Amino acid sequence: MNFSISLTVNGVRRDIELGDPRVTLLDLLRERLDLTGTKKGCDRGQCGACTMLVDGRRINSCLALAISHHGADILTIEGLARGDQLHPVQAAFIAHDGLQCGFCTPGQIMSAIGLIDEAQAGNDSERVREGMSGNLCRCGAYAGITEAVLEAQKTLADAKQGRAA
Amino acid sequence: MNNFDYVRPATVAEAITAATAPNSAYLAAGTNLLDLMKGGIARPGRVVDVTRLPGLDRIEHLTDGGVRIGALVRNADLAHDAEFARAYPAVAEALLSGASAQLRNAATVGGNLLQRTRCGYFYDTASACNKREPGSGCEARDGENRLHAVLGWSEACIATHPSDFCVPLAALDAVVEIEGRSGRHEVTLEALHRLPGDAPERDSVLEPGDLIVALRLPGEARAFSAHARYLKIRERTSFAFAVVSAAAALRIEQGSIREARLALGGVAAKPWRARSAEKILAGGKPDQAAFRRAAEAALADAKPSGDNQFKIELARRIVVRALMLAVAGTPARIAALPASPFSSEVRSIA
């Protein structure tokens, strides 16, 4: 049995035929749409490598059935930079060495964007660490990740204030 | 993962009809169900996607002071609803102490109530497990069982219920609204989950086709909002299930406890309401001696199911500590590390 779904992925509408209802959002993007920036770590919702924004919220795409997300608006790591201009969270991860091997990084960055949008952590590093606890980093780059999130948050807040002024 | 027939009903009535077929499962966010299906623990032949059912995603603040929460409200949205968090702070704290931000953004209220145990033998399809496969035995009984139940367990099953959310809900007399083949009915949260007995495969009292549509908290539960906490011991400070947890809520008038509510998590196959402890506390002074007596009463029937004797004393201490935190008062803002004894806000209290 075939199922038709439509998604908006990084601003582009995609119409997809699914031959199997078992496909997760993660596998759909990686295997069908060639968007391999989002990583498959544990595939069980425990590591956060597959984090993407779905309708503006960070979720584990490995535990989301694609067929159930017909109509969703999806943002992945591939949708962040504008040409050579990196998103402020990407730039902050580089500036603060928020990575070593880089496998968890797309998930960390998408999670950080979600965290900043949720506006619950403020400039409290303990709240940032708690808010990022769904993203594991086997290299242990947590100190740099926390610094990067705090700086990116400030950059984004300043930019927002600049626009409002 | 086994293949399945996928259906997406447009109405609650259609959903119930679809899910009444044998071996059907309701799908909401799927944060628990898909994990179980990937591991071959759940193998539904039909998945009934309820995410598009209308009207189940609202938080309604009722005129009697209570709140009605649609079953599809996301855990994070409920925890961050300012009026809800003010009225039921221990519930909001419990929600934020569970899972990760990504999972809370997806997981629904109804799904949280029905999540299945995290017992490793339940998850390992090569092991005997009466909950997964009735009659096959319980390998946890003689296995790695330091995190298993100390209350209400049976020889057939020593698994615990993993939800944080359900613990303060049990303490605060939450009610679950259910639609089923014979119409709408309600059960208290406390009566929703079953103890294992000789049928551990049945986690709850729900019948085939039954769909949780909403959860209600009574207006009277707001009376505890000034002194309500959730405290949870985990093996790591964040993104871990409870070893033991407690929800404590007090109504304090003129220096005395007018009414107390207490429930424990991580100790049994259901959130464990400790009514005997509540009775001991009511009318007395909120001091450590009374809290210790209450803790003794709460765990009076506890017995280890394996290498978990330590959980009984740990649970007593968590009860005392949660009560102390409740007396100190609900913080204006939920702690940076929700429900953690290692939060700087908590360490400053006794």
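Throughout this document, residue positions are counted from 1 along each chain, in the order its sequence is written. In the order they appear in the text, chains get letters beginning with A and ligands get numbers beginning with 1. pLDDT decides what is reported in this predicted model: residues at 70 or higher carry local features, side-chain atom pairs at 80 or more are listed and counted, and totals for whole chains, interfaces and linings draw on all residues regardless.

Asks: Where do I start with the overall build of chain A in this structure?
Replies: A run of H or I in DSSP becomes a helix once it reaches four residues, and a run of E becomes a strand once it reaches two; helices and strands are each numbered from the N terminus. Check the secondary structure of chain A and you find 5 helices and 5 strands. Secondary structure elements of chain A occur, N-terminal to C-terminal, as β-β-α-β-β-β-α-α-α-α. Taken over C-alpha atoms, the radius of gyration comes to 16 Å for chain A, in line with the 15 Å a tight globule of 165 residues would show. When its C-alpha atoms are laid out on the principal axes, chain A stretches across 50 × 40 × 30 Å. What counts as a contact is two residues whose backbone-derived C-beta atoms lie within 7 Å of each other. A sequence separation of at least 24 residues applies to 57% of the contacts in chain A between residues at least 6 apart. Two things to know: the radius of gyration comes from C-alpha atoms, and the globule rule equals 2.2 Å times the number of residues to the power 0.38.

Asks: Hey, could you run me through the nonpolar core in this one?
Replies: Here is a general trend for soluble globular proteins: nonpolar side chains tend to be buried in one another's company. Residues and elements named next belong to chain B. The nonpolar core is taken to be a set of buried Ala, Val, Leu, Ile, Met, Phe, Trp, Tyr and Cys residues joined by way of C-beta atoms within 7 Å. The burial criterion counts other C-beta atoms lying within 10 Å of a residue's C-beta, which is placed from the backbone; the residue is buried at 20 or more, exposed at 12 or fewer, and partly exposed between these limits. In this structure, Ala247, Ala249, Leu262, Leu264, Ala294, Ala298 and Val319 are the most contacted members of the largest nonpolar core, which totals 167 residues. Tallying contributions element by element places helix α13 (residues 309-328) first for this core, with 9 residues. Beyond its immediate stretch of four places on either side in the chain, Leu264 contacts Val167, Val244, Ser245, Ala246, Trp272, Ala274, Ala298 and Ala315.

Asks: What am I meant to see in the domain arrangement of chain B here?
Replies: It is common to report an interface's size as the accessible area lost on association of the parts. Looking at chain B, the domain boundaries give domain 1 (1-52) and domain 2 (223-347). With centres defined by C-alpha atoms, the gap from domain 1 of chain B to domain 2 of chain B works out at 36 Å. In this entry, domain limits derive from an automatic or database-based domain assignment.

Asks: Is there a simple way to explain the domain arrangement of chain A in this structure?
Replies: Residues and elements named next belong to chain A. Under the domain assignment, chain A is made up of domain 1 (3-79) and domain 2 (88-160). With centres defined by C-alpha atoms, the gap from domain 1 to domain 2 works out at 22 Å. Facing 14 residues of domain 1, the contacting portion of domain 2 comprises 13 residues. Breaking the side of domain 1 that touches domain 2 down by element, the ones donating at least two residues are β3 (51-54) and β4 (57-60). With 3 residues, β3 is the largest single contributor of residues to the side of domain 1 that touches domain 2. Broken down by class, the residue content of the side of domain 1 that touches domain 2 amounts to 6 nonpolar, 5 polar and 3 charged. When residue character is reported, Ala, Val, Leu, Ile, Met, Phe, Trp, Tyr, Cys and Pro are called nonpolar, Asp, Glu, Lys and Arg charged, and the others, Gly included, polar.

Asks: In this structure, what is going on with the interface of chain A and chain B? I would like to understand it.
Replies: On the side of chain B, 22 residues touch chain A, which itself brings 25 residues to the contact. Put simply, the parts of the chain that give the side of chain A that touches chain B at least two residues each are β4, α3 (105-118) and α4 (125-131) of chain A. Residue composition of the side of chain A that touches chain B, by class: 7 nonpolar, 9 polar and 9 charged.

Asks: Which parts of the structure should I look at to understand helix α1 (residues 25-32) of chain A?
Replies: Residues separated by three or four positions in an α-helix point in the same direction, a consequence of the helix having 3.6 residues per turn. All names here are of chain A. Within α1, the full set of buried residues consists of Leu25, Leu26, Leu28 and Leu29. Residues of α1 that are buried sit in contact with β1 (3-9) and β2 (12-18). With its phi angle positive at about 60 degrees, Asp34 sits one or two positions after the end of α1.

Asks: Explain the pairing of strand β6 (residues 175-180) of chain B to me, please; I cannot follow it from the model alone.
Replies: Sheet faces and side chains relate simply in a regular strand, where the side chains alternate between the two faces. Residues and elements named next belong to chain B. Here, strands pair whenever DSSP counts at least two bridges between them. Bridge analysis of β6 against strand β7 (residues 183-188) gives 6 bridges, and the strand direction is antiparallel. Its bridge partner being in β7, Glu177 is matched across the sheet by Glu186. Between β6 and β7, which pair antiparallel and follow one another directly, the connecting turn spans 2 residues. Bridge count for β6 against strand β8 (residues 211-217) is 5 bridges, and the pairing is antiparallel.

Asks: Would you explain the environment of Ala249 of chain B in this entry?
Replies: All names here are of chain B. With respect to the helices, strands and loops of the structure, Ala249 is situated in strand β10 (residues 244-253). Separated by 235 residues in the primary sequence, Ala249 and Glu14 place their C-alpha atoms 40 Å from one another. When neighbours within four sequence positions are excluded, Ala249 is seen to be in contact with Ala90, Ala171, Leu172, Phe224, His227, Ala228, Arg261 and Ala326.

Asks: Would you mind going over the packing of helix α2 (residues 88-95) of chain A against helix α5 (residues 142-164) of chain A with me for this structure?
Replies: To describe two helices that pack against each other, one gives the angle between their axes and the distance between the axes. Residue and element names in this part refer to chain A. The interhelical angle for the contact between α2 and α5, taken along N-to-C directions, is 140 degrees, at an axis separation of 8 Å. In terms of orientation, α2 lies oblique with respect to α5. Considering only the axes of α2 and α5, their crossing is right-handed. Contacts between α2 and α5 pair Pro88, Val89, Ala92, Phe93 and Ala95 from the former with Ala148, Glu151, Ala152, Thr155 and Leu156 from the latter. Across the contact of α2 with α5, the residue classes break down as 8 nonpolar, 1 polar and 1 charged. Angles here are taken between N-to-C directions and fall from 0 to 180 degrees, while the axes themselves are lines fitted to C-alpha atoms, restricted in helices to the stretch in contact. Throughout this description, any angle smaller than 35 degrees is read as roughly parallel, any larger than 145 degrees as roughly antiparallel, any in the 65 to 115 degree range as roughly perpendicular, and the remainder as oblique. Two helices that cross are described as forming a left-handed crossing if the nearer one is turned anticlockwise from the farther one by less than a right angle, and a right-handed crossing if clockwise.

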